[in-house]
Amino acid sequence: MALIECLECGKEISDKAESCPNCGAPTTAGYQAQAQAEVQATATAKLAKKESRKAAKKEKRKKKGRYQGVGCLTIIIGLFLVFLFPPLGGLLLIIGVVAFVASFLVS
């Protein structure tokens, strides 16, 4: 442990001190600790933002998949009902196609 001179008050202080115990002026170690804390905070914020984007994309894919599933199921049921009860089957086919196409337009 070496003693260095404070840049503000001129007193001798430890080179490991983050600030001068006499006047409170930050030392080189204090500046390094502050810079390191800022870098860590920035990295944490970037990581949180990236995770948030990833979660949003996953939710979007899940929502899109639901629309596609409902659309396909409705089309299949509509195809069966076209032969038994044409007006209802035709309506279900139209609804199914609209739901399926809408799945690609979901943003």
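Residues numbered from 1 in each chain as written. Predicted model: local features only at pLDDT ≥ 70, side-chain atom pairs only at ≥ 80, totals over all residues. Heavy atoms only, no water.

**Side note on the overall build of the chain**
For clarity, the threshold we go by: Under the scheme used here, helices are H or I runs from DSSP no shorter than 4 residues and strands are E runs no shorter than 2 residues, and both carry numbers assigned from the N terminus. Radius of gyration: C-alpha atoms only; globule rule: 2.2 Å multiplied by the number of residues to the exponent 0.38. Each residue's exposure class comes from its accessible area (1.4 Å probe, protein chains only) as a fraction of the maximum for that residue type: buried when under 20%, exposed when over 50%, partly exposed otherwise.
What the chain contains, in helices and strands, is two helices and two strands. Written out in order from the N terminus, the α and β elements of the chain read β-β-α-α. In terms of overall dimensions, the chain is more spread out than a globule: its C-alpha atoms have a radius of gyration of 33 Å, far above the 13 Å expected for 107 residues. In terms of overall dimensions, the chain has C-alpha extents of about 95 × 20 × 15 Å along its principal axes. Residues classed as buried in the chain amount to 15% of the 107 residues present.

**Observations regarding the confidence of the model for the chain**
Defined as follows: Each residue carries a pLDDT value, the predictor's own confidence for that position, ranging from 0 to 100.
Residue-level pLDDT values for the chain average 82, and 92% of them are 70 or greater. Of all the helices and strands in the chain, strand E1 (residues 3–5) carries the lowest mean pLDDT, 80, while helix H2 (residues 86–105) carries the highest, 87.

**Things to note about the packing of aromatic side chains**
Put simply, the test is: Centre distance within 6.5 Å is the pairing criterion for rings of Phe, Tyr and Trp, where only the six-membered ring of Trp is used; planes under 30 degrees apart are then read as stacked, over 60 as edge-to-face, and the remainder as tilted.
All chains considered together, the criterion is met by one aromatic pair. Ring geometry for Phe 100 against Phe 104: centres 5.3 Å apart, planes inclined by 80°, an arrangement best described as edge-to-face. Here the residue Phe 100 and the residue Phe 104 both occupy positions in helix H2, the gap between them amounting to four residues, near one helical turn. With a relative accessible area of 47%, Phe 104 lands in the partly exposed category.

**Some words on a positive patch on the surface**
What counts, and what does not: Surface patches are defined over residues having more than 30% relative accessible area and no salt bridge, joining like charges when they lie within 9 Å and nonpolar side chains (Val, Leu, Ile, Met, Phe, Trp, Tyr) when within 5 Å. Throughout, the Shrake-Rupley method with a 1.4 Å probe supplies accessible areas, and for residues the shown protein chains are the sole cover considered. By definition here, a salt bridge exists when the distance from a side-chain nitrogen of Lys or Arg to a carboxyl oxygen of Asp or Glu is within 4 Å. Neither His nor the chain ends contribute to the count of charged residues, in which Lys and Arg are positive and Asp and Glu negative. To locate a charge, take NZ of a lysine, CZ of an arginine, CG of an aspartate or CD of a glutamate.
On the surface, Lys 49, Arg 53, Lys 57, Lys 58, Lys 60, Arg 61 and Lys 62 cluster together into a positively charged patch. Summarising the element assignment, Arg 53 is placed in helix H1 (residues 28–84). Classification of Arg 53 by relative accessible area gives exposed; the value is 53%.

**Side note on a nonpolar patch on the surface**
Among the surface-exposed residues, Leu 84, Phe 85, Leu 88, Leu 91 and Ile 95 lie close enough to one another that they form a single nonpolar patch of about 500 Å² accessible area. In terms of residue count, the dominant contributor to the nonpolar patch is H2 (three residues). Relative to the assigned elements, Ile 95 resides in helix H2. Take Ile 95: its relative accessible area is 42%, and that puts it in the partly exposed class.

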